[in-house]
Amino acid sequence: MMKKLFFAVCFVVVGVNLLAAAAAQEGSGSNRGAFLASSGYIIPREDVKIDNYIAQYDYDYPLPPQGALNVVTGTGIKGDNAYIQIGLKGKKTPFEELPPLNICFCIDRSGSMTTIMPWVKDCFYIFIDRVRDGDIISLVDMDTNARTIIAPTQINSQDDRTRFKREVDRITANGGTNVYDGMAQSYRELEKTYNPQYVNRVVILTDGMHNFGDMVNRDILNLASSYNKKGISISTVMLGIDAATGLMVDVAIEGGGSSRFISDHDEMVKIFQTELDRMLVPAARDLKMRLVLADGVVFRETWGYQHRVEGKTINYYLPTLHNGDYETLLAEVSFNAAGRPDNAAVFYLDYLELDGTAKTLGPYTLRLNTAISDDGYINDRRVRETEGLLYFARGLIDIADKTGRISALERDLYQYADPSPQRDDMVQQILVEVHQNIGIVGTLTDYLSNVGGSLEGKKYEKELEILQNYKQTFTNVYNAYSTRGE
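About the thresholds
Residues numbered from 1 in each chain as written. Predicted model: local features only at pLDDT ≥ 70, side-chain atom pairs only at ≥ 80, totals over all residues. Heavy atoms only, no water. Salt bridge = Lys/Arg side-chain N within 4 Å of Asp/Glu carboxyl O. Helix = DSSP H or I, 4+ residues; strand = E, 2+ residues; numbered from the N terminus. Buried < 20%, exposed > 50% of the residue type's maximum accessible area, 1.4 Å probe, protein only. Phe/Tyr/Trp six-rings, centres within 6.5 Å; stacked < 30°, edge-to-face > 60°. Lys NZ or Arg CZ within 6 Å of the ring centre and 35° of its normal. Contact = heavy atoms within 4.5 Å. Expected span 1.5 Å × (residues − 1). Axes fitted to C-alpha atoms, helices over the stretch in contact; angles between N-to-C directions. Parallel < 35°, antiparallel > 145°, perpendicular 65-115°, else oblique. Left-handed = near helix turned anticlockwise from the far one by under 90°.

Applying the stated criterion across every chain, the model contains 24 salt bridges. Across the salt bridge formed by Lys-78 and Glu-387, the nearest N and O atoms sit 2.9 Å from each other. Taken together, the residues span a long stretch of sequence, with Lys-78 in strand S1 (residues 69–78) and Glu-387 in helix H11 (residues 381–412) at a distance of 309 residues. Overall, Lys-78 belongs to the partly exposed group, its relative accessible area being 30%. Between Asp-143 and Arg-109 there is a salt bridge whose closest N-O contact spans 3.6 Å. Within this pair, whereas Asp-143 is found in the loop between strand S4 (136–142) and strand S5 (146–154), its partner Arg-109 is found in the loop between strand S3 (101–108) and helix H4 (117–130), the two being separated by 34 residues in sequence. With relative accessibility at 16%, the residue Arg-109 sits in the buried group.

See the structure below:
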């Protein structure tokens, strides 16, 4: 009976280990995390990218009253640490008033896309109905090879849209995935009708699992970077539980575009119906930022887009801020023996307007907000919310580490007879680790519930959903091992 029970338990925990192996070097936020957790998976350590958890919400940053973007700053103190938050919000131009589009839609038709191909087709149907007369659209698909299905075509009628839909209807999933060839073919199609006055962009729908051809991930990223320098960018849309989010996120960053993970049909409709401009159209480019820490402030860690630390200065770089989109930078600092200064840092920002005009914003002096709210939380509500996400993501890493140890202990069970004292001892070790994970889940749940309750609106819904699923998963594992032999 124990052997049968053991396999029932391992379906969850060893399945986690297999997911960790497949998800190395990949990023994820709460949206994908909730998708995985609802399927009984524990998010592997490599998949918990704190940057993504912090960057996933807009924190109600206001739109700029004028110009391409708005800068919102905040600080707060918790215990021995202080937090410096910089929020960016791009201008919002109505879709009808945006520059004309020159878009190549690249569809992954490999065998791994079989179950999600209906979603891919729905994405395209929504997309093609939204494009305007005068926009230029082309269509490429890829499996082990890439093919142009429809060359660049200026949309002038509903018949043009219907033609694209019919061709997409004919796509079936089969074969391997050659992401490099798909991207290269799409870029070549865009070059045929490239116009600097247009938005020139590839939109690739894929699970991101590049597994065919001679090119490796570095070649794919170099391709994206080289075309970005030519004025042709790329946005990536990832679907499915096994989506290689890490590669596709990196492609979007190197390629000057945006990335989205779609976990359900409703979210897909939202992205393609109401947020298409956030995925395609820039508000500003080549954002170079500096956060200069004040004397007495000690750098600990930072999260955000590409950055490097040089002494007291943290340099950040963001290739593109999109229309109506938002970004968040967070720095965690402490103080030297001299005590807390009045100012935490000064922030500077240089960027390019879409016409190439160089702009400078700042300096922004960030005064150290030492105030604590009446309920004992960080006074600045945006910083309070962000610190909660930081606390949550760090907790997920702790849980992932313990889950890795549980998985290793389960594998070791095979070498012992059942029943045997050695096997019983190892089961007790597993129970201790699982019980500790249940405790971490409870602590995180209480913390987020309390912080979320102190903020306006519904906060941390996805995060609490992850924790609820974690609690159920670990409770099932604990109960299964506790009742062995009955």
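Turning our eyes to something else, we now look at the packing of aromatic side chains. Per the counting criterion, the structure on display carries 10 aromatic pairs. Members of the aromatic cluster, connected to one another through ring pairs, are Phe-105, Phe-124, Phe-127 and Phe-164. The residue whose ring lies beneath Lys-230 is Tyr-227, and the NZ or CZ to ring-centre distance is 4.3 Å. A cation over an aromatic ring shows up here: Arg-290 above the ring of Tyr-348, its NZ or CZ 4.3 Å from the ring centre.

Let us now look at the environment of Cys-106. In this structure, Cys-106 sits in strand S3. When its relative accessible area of 0% is taken as the criterion, Cys-106 is described as buried. As a C-alpha pair, Cys-106 and Phe-124 span 18 residues in sequence and 9.9 Å in three-dimensional space. Apart from the residues lying within four places of it in its own chain, the contact partners of Cys-106 are Val-140, Met-142, Gly-182, Ser-186, Val-202, Val-203, Ile-204 and Leu-205.

Along its 14 residues, H4 runs 20 Å from first to last C-alpha, staying within 8% of the 20 Å computed at 1.5 Å per residue. All of the buried residues along H4 are Met-117, Val-120, Lys-121, Cys-123, Phe-124, Ile-126, Phe-127 and Ile-128.

Our focus in this paragraph is the packing of H4 against helix H9 (residues 265–274). Across the interface, H4 lies against H9 with an axial gap of 9 Å and an inter-helix angle of 20°. Taken together, H4 and H9 sit at an angle that is classed as roughly parallel. The hand of the H4/H9 crossing is right-handed. Listed contacts from H9 to Trp-119, Asp-122, Cys-123, Ile-126, Phe-127 and Arg-130 of H4 are His-265, Met-268, Val-269, Phe-272, Gln-273 and Thr-274.

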